[in-house]
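Coordinate analysis (summary)
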Amino acid sequence: MEFGFVQVLQLLGALGLFLFGMKVMSDALLLLAGNKMRGILATMTSNRFLGITTGFLITSVIQSSSATTLMVVSFSNASLLTLAESISVIMGANIGTTITAWLITILGFKVSMSEIALPLVGFGFLFMFSKKPNFKNWGGFIIGFAILFIGLQFLKEAMPNINNNPGILEFLNRYTEMGFASILLFLFIGTVLTIIVQSSSATMALTLLMTAEGWIPFELAAAMVLGENIGTTITANLAAIVANFQAKRTARAHLIFNLIGVIWMLLLFYPFLRMISWVSTHLGSDSPYISAAAIPVAISLFHTFFNILNTLLLVWFINPIARLVERLVPERIQAEKAIDQPKYLNKKVSKYPETIIALLVQESRHLYIQTIFKIVAHAMNIHTKDIISEEKPRGIIEKSREKFGIDVRELYLSKVKTIYGEIITYATNAQSALKLSEAQNNRVLEIKVANRKMVEIIKDVGELNRNVSKYMDSENPYIQKEYNRFRKKIVKVLRVIYQLRSEEMTEAYHKKLQNLRTISKKEIEKGPDLNTLISENKITTDMASSLVNDHDHLHEVIKKLIDVAQLLYSSKDPLMEVEKDDASSIKAA
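Calculation rules
All residue numbers refer to position in the chain's written sequence, counted from 1. Per-residue local features are limited, in this predicted model, to residues with pLDDT of at least 70; the limit for side-chain atom pairs, both in listing and counting, is 80 or more; totals at the level of whole chains, interfaces and linings are taken over all residues. With hydrogens and water excluded, all non-hydrogen atoms of the structure serve as input to the side-chain values. Values of pLDDT, which run from 0 to 100, indicate the predictor's confidence residue by residue. Only DSSP runs of H or I with at least four residues qualify as helices, and only runs of E with at least two residues qualify as strands; both kinds are numbered from the N terminus onward. Between two residues, a contact is recorded if the distance between any of their heavy atoms is within 4.5 Å. Salt bridge criterion: a side-chain nitrogen from Lys or Arg within 4 Å of a carboxyl oxygen from Asp or Glu. Three exposure classes are used, based on accessible area relative to the maximum for each residue type with a 1.4 Å probe and protein chains only: buried under 20%, partly exposed in between, and exposed over 50%. Residues enter a patch when their relative accessible area is above 30% and they make no salt bridge; the linking distance is 9 Å between like charges and 5 Å between nonpolar side chains (Val, Leu, Ile, Met, Phe, Trp, Tyr). Computed with the Shrake-Rupley method and a 1.4 Å probe, the accessible areas treat only the protein chains shown as cover for residues. Within 6.5 Å between ring centres, the rings of Phe, Tyr and Trp (the latter by its six-membered ring) count as paired, and their orientation is classed by plane angle as stacked under 30 degrees, edge-to-face over 60, tilted in between. To define a nonpolar core, start from buried Ala, Val, Leu, Ile, Met, Phe, Trp, Tyr and Cys residues and group those joined through side-chain atoms within 4.5 Å.

1. With respect to the confidence of the model for the protein
On average, the protein scores 80 in pLDDT, and the residues at 70 or more come to 83%. Per-element confidence in the protein is highest for helix H14 (residues 269-282), whose mean pLDDT is 92, and lowest for helix H26 (residues 574-588), whose mean pLDDT is 45. This model gives residues 583-589 a pLDDT under 50, and the stretch forms two contacts once residues within four places in sequence are excluded.

Written out as structure tokens, the structure reads:
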């Protein structure tokens, strides 16, 4: 039978069915275990062996090295993983992907799945009627698993018999008998096929079928496997095109790691294949050089041994690989965005709960330190460089006599409003569109509360700004002293908060903020000494009225500044502390 256009379509259809089954199975596994896997990935330490184990486990469970790599690229983009950690996870993912080859070899060639595949689809379909999401996902996994092997069976049937197709046999003979050039050619073919179908598992299935049907010998199949290792890196590199330099570095590291492995394997290619043949025969199989039926097992062994040895060899060179990648992909300082545009948030990174939460925190902290911090300082007519200096607060206030003349309302509209709206939008979409755990949902709630309080700070400090500017150089030394005391308190609070910018809240900083909060609460209850000031005619009644109102505004600003710092930086349960403090304030009122 000639292999014509219809037969080509049948082969493509079978491959499409195989890929569809793989996707359904992988998607269902991601829904079943994705949150736990991403949680493990987000909390992993810098230990390289833990990273390898994490990558192996995730890929083994979700049955997709591409999905694991995309996850790693997204986490790198959100600064949840360092480059060294990302490389170690990718190494583990390369080992984990060998499980798929063994599944295809054992269940596709050693055991006939075709007789139970359709009953499995029916069995999985029953789960789809369940109202429980987990049961539905299990149903999806079973259906995908069955469709994968139905597609594999169709691939076997669609693969032409070369004995009945002399044209194909002549073509193969022409390109399989060129010595080492044939090895390089089929390595290239494996790379291109994997890039086209975007699945190393599908290319592996095709490779195993070609060997089982006698199309290509053992050594050329091994060359295709090496090509698949290079081709599978294209997915991560495509995803990193629109990402930041950290994600690009991770994708390049994946490519370099696999390329190094292929290079050393080519240098030891024939001795390594003889070693695989020896292992295969000692495990009870025939030699892959003699029997075509023995090649699928030998190829799976080759795939597994190669990836394990490559990892064991290069795990000691993670840092040199990282330094090489850093030179190839230098850190690019992004063009400064207009201040009213988000710096970190974009739709490309909102796929996973962990990444969107990390970026929401980064965006909120940036708004807090770079914008709210400056607006509060300038509203009190104090330079931010003085606040972050070593100078004592009293000295700062004594020398800060310049009136900045800022419009707090205008600053809110131009520098805060748009970013605040974007943060709330992304946070709300994350809560509605993503499957968040209770802890993740609480974290998003904390971020929303923190941003709402930042907006309230702008409103309160706007009220303060008018009278601070009016009385800071008043001819009345008593009212001037009171307002300079207000400014001094703001300097103290902002200075402690600025120290949080480069690290998570430590116990020492937490105590400092709590002390400031306690002092502020006591001063709210005490209030300014108006009786003395008025009875001794030191200030007018208008001044007294302004002083009372601004005293309340000041302590609202201080309280909310501390609340936001705890919500964005504390590792404790800041929302409970903030709510408890709000409740006690209401009772006191």
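2. Quick word on the pattern of salt bridges
Under the defined criterion, the tally for this structure stands at 12 salt bridges. The shortest N-O distance in the salt bridge between Lys453 and Asp563 comes to 3.4 Å. With a gap of 110 residues between them, Lys453 in helix H21 (residues 438-471) and Asp563 in helix H25 (residues 541-569) connect regions that are remote in the sequence. For the pair Lys453 and Asp563, a shared accessibility class is recorded, and that class is buried. The shortest N-O distance in the salt bridge between Glu482 and Arg485 comes to 2.7 Å. One end of the pair is Glu482 and the other is Arg485, both in helix H22 (residues 477-498) and three residues apart, which spans about a single turn. In this structure Glu482 comes out as buried when scored by relative accessible area, which is 12%.

3. Notes on a nonpolar patch on the surface
A contiguous nonpolar patch, built from Phe123, Phe125, Leu126, Met128 and Phe129 and spanning about 550 Å² of accessible area, is present on the exposed surface. Tracing the backbone shows Phe123 in helix H6 (residues 114-127).

4. A look at the packing of aromatic side chains
Per the counting criterion, the structure on display carries 15 aromatic pairs. Geometrically, the ring pair formed by Phe125 and Phe129 is edge-to-face, given 5.1 Å between the ring centres and 80° between the ring planes. Between Trp264 and Phe272 the ring centres are 6.5 Å apart and the planes differ by 80°, which places this aromatic pair in the edge-to-face class. We note that Trp264, like Phe272, is buried. The structure contains a cluster of three or more aromatic residues connected by ring pairs, namely Trp264, Phe272, Phe302 and Phe306.

5. Points about the side chain of Asn484
Along the chain, Asn484 falls in helix H22. When sequence neighbours within four positions are dropped, the list of residues in contact with Asn484 reads Ile397, Arg401 and Met472.

6. Some words on the nonpolar core
As a rule of thumb, nonpolar side chains are buried together in soluble globular proteins. Residues Tyr368, Ile372, Val376 and Leu561 are the most contacted members of the largest nonpolar core, which totals 71 residues. Within the residue set of this core, elements represented by two or more residues are helix H17 (353-379), helix H19 (393-399), helix H20 (408-433), H21, H22, helix H23 (507-526) and H25. In terms of residue count, H17 provides more of this core than any other element does, 15 residues in total. If near-sequence neighbours (up to four positions away) are discounted, Leu561 is found in contact with Tyr368, Val376, Ile457, Val493, Leu494 and Ile497. Core analysis: the second largest hydrophobic core is formed by 52 residues, Met25, Ile183, Ala202 and Met265 among them.

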